[in-house]
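In case you want the letters, here they are:
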Amino acid sequence: MTFNSIQFLLFLPLVLLLFYALPRKSRWISLLVMSYVFYAGWKVEYLALLLYSTATEFFISNFIYRSKTILKKRIWLAFSLISNFGVLILFKYFHFLIGGSAWFKALANDNESFLYLQFIFEFGIPVGISFYTFQTVSYAIDVYRGRTIPERNFAKFALFVNFFPQLVAGPIERFEHLHPQLFNAPNPTFEIVKKAFRLMLYGFFLKMVIADNFGDIIAPLYLQPKDFDLYSRVIGALLFGFQIYADFFGYTLIAIGVAHLFGVKLQDNFRSPYSSYSLKEFWDRWHISLSTWFRDYIYIPLGGNKTSKGKWIFAIILTFGLSGLWHGASVTFIYWGLFHGIYYLIEQTFFPIPKGKKLSFFEKTVRWSTTFTAVMFGWILFRANQFWVFQEFGSSLGEKSLFDIKYLLLLIPVALFFASEVLFRKSRIDRYLSEKSSFVRWTFYAVFFLCILLFNSRGDMQFIYFQF
């Protein structure tokens, strides 16, 4: 069940009706049950892993908290990390690591148990496994560090893990921020509904009009890049950069809006990342919940920027490499992460922006253009899936063109998209519109709604980040 499906449009009112029909103290129970129903909408079998992750983290974190010695705490934390990342590796990276190797295929052909094992781990990547794994791991580490007191009610902890608006693609929330909000929902007001509506409407516009149409346009290019001319390759790279942004930002806005209907404020995940003047700034603005997760649980424990030059370089490369691997079981994702890591090192070593310095117009232009070009180049690796696809982008040119006259009408919503990005650069759409007159607000509503009706691509096309 995706946000942009008919099923979800029927599901959400039902959940809201049930949620607010119950007494305030027991509303969270309905939210927990319906979160499981939402997740089961993909494959009921995936619930087993979700329940396993929830149960193991609940008990292990309580064991960590109750342990009297640091050694026992470390042992339990090790169990938590092995359990969480073990499941993630088996179900997301098994085929990439050994499942596709010749020796394992030979074993599978000779031994039915190996064949069955291969079938299980190629069943499909459980939706959202990378997101809820990172959310539960951060919880265990925070308990170990003494920053969080573990929840003793299993069902209440399960709701923290399974809260459906952000379950499958984030934002990756911290326990101390999300958990208290789940049990103190205010009664609905017109202001809450208005804010949620604005966020969801713009999110649907980004996903169904911009991301899905851009995805349709560039799909043939990434199947056979060598068949297309240089113009198409450049345009295709740029379109994917905006596709993935519109797709993931759209999902995040819908998630924030839906959560708001239940009295929950999720964190922002994007802040105009393509307006960044450095790669460092880009990662402060792109997929913020993941960036801060890697900063707090990988980069800083490795020493961060308060260590020797060699250790700092190692920390950067490892952090970005793992970030690439987190996105998918493919060498292109690893290369994408390493590319960002190397570029980051070069930028921070030779071209850092001194803290507090005001850039001139010329400096802003140069820094923005180089950062934007580097990010867009990296997206080619990200989208390629297989390295030969990336290699073909630099091969001899073909004659095909992505341009088709049928796409001319898309210039209308595309122009609206870029204009909106400029308008909302310093203020999210819900805050921006709250300061405008009724005429301006309803003009925005009508235009976005008409674009969704007239230019939506293929209905319930899956969100890109669901595969991660």
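These numbers were taken from a predicted model, which means no experiment stands behind them. (Residues numbered from 1 in each chain as written. Predicted model: local features only at pLDDT ≥ 70, side-chain atom pairs only at ≥ 80, totals over all residues. Heavy atoms only, no water.)

### Observations concerning the nonpolar core
By size, the foremost hydrophobic cluster in this structure holds 143 residues, and its most contacted members are Phe205, Tyr274 and Trp379. With residues near it in sequence (within four places) discarded, Trp379 still touches Phe240, Gly241, Ile244, Tyr274, Phe282, Trp286 and Trp336. (Core = buried A, V, L, I, M, F, W, Y, C linked by side-chain atoms within 4.5 Å. Buried < 20%, exposed > 50% of the residue type's maximum accessible area, 1.4 Å probe, protein only. Contact = heavy atoms within 4.5 Å.)

### Considerations on the pattern of salt bridges
In the structure shown here, the tally under the stated rule is twelve salt bridges. Note that Lys207 is salt-bridged to Asp212, the shortest N-O span being 2.8 Å. The burial state of Lys207 is the same as that of Asp212; both residues are buried. Ionic pairing is found between Arg428 and Asp430, a salt bridge with its closest N-O pair at 2.8 Å. There is no split in this pair, since Arg428 and Asp430 are both buried. (Salt bridge = Lys/Arg side-chain N within 4 Å of Asp/Glu carboxyl O.)

### Considerations on the environment of Leu182
On the secondary structure map, Leu182 appears in the loop between helix H10 (175-178) and helix H11 (190-223). Its relative accessible area of 3% is what places Leu182 among the buried residues. In sequence terms Leu182 and Ile353 are 171 residues apart; their C-alpha atoms lie 40 Å from each other. Sequence-distant contacts of Leu182, that is, excluding residues within four places in its chain, are made with Trp28, Leu159, Phe160, Phe163 and Val264. (Helix = DSSP H or I, 4+ residues; strand = E, 2+ residues; numbered from the N terminus.)

### Structural notes on the packing of aromatic side chains
Under the counting rule described, the total for this entry stands at 79 aromatic pairs. Ring centres of Phe3 and Phe38 lie 6.2 Å apart, and the angle between their planes is 35 degrees; this geometry places the pair in the tilted category. Of the two residues, Phe3 sits in the segment before helix H1 (6-21) while Phe38 sits in helix H2 (residues 27-40), which places them 35 residues apart along the sequence. Judged by centre distance (5.3 Å) and plane angle (85 degrees), the ring pair of Phe38 and Trp42 falls under edge-to-face. As far as burial versus exposure is concerned, Phe38 and Trp42 are alike and both buried. Positioned above the aromatic ring of Trp326 is the side chain of Lys92, whose terminal nitrogen or guanidinium carbon lies 5.3 Å from the ring centre. Directly above the ring of Phe183 sits Lys156, whose terminal nitrogen or CZ lies 5.2 Å from the centroid. (Phe/Tyr/Trp six-rings, centres within 6.5 Å; stacked < 30°, edge-to-face > 60°. Lys NZ or Arg CZ within 6 Å of the ring centre and 35° of its normal.)

### Points about the packing of H2 against helix H8 (residues 154-162)
Look at H2 against H8: their axes get within 10 Å of each other, and the N-to-C directions meet at 50 degrees. As summarised for this structure, H2 and H8 are arranged oblique, according to the angle between their axes. Crossing angle aside, the handedness with which H2 passes H8 is left-handed. Contacts between H2 and H8 involve Trp28, Leu31, Leu32, Ser35 and Tyr36 on the former and, on the latter, Ala155, Lys156, Ala158, Leu159 and Asn162. Here the residues of the contact of H2 with H8 sort into seven nonpolar, two polar and one charged. (Axes fitted to C-alpha atoms, helices over the stretch in contact; angles between N-to-C directions. Parallel < 35°, antiparallel > 145°, perpendicular 65-115°, else oblique. Left-handed = near helix turned anticlockwise from the far one by under 90°. Nonpolar A, V, L, I, M, F, W, Y, C, P; charged D, E, K, R; others polar.)

### Structural notes on unusual backbone geometry
If you check the backbone angles, Ser272 has positive phi at about 45 degrees while not being a glycine. Among the secondary structure elements, Ser272 is positioned in the loop between helix H12 (230-261) and helix H13 (279-285). A positive phi angle, near 40 degrees, is found at His287, a position not held by glycine. Relative to the elements of secondary structure, His287 occurs in the loop between H13 and helix H14 (288-299). Note on His287: relative accessible area 0%, which makes it buried.

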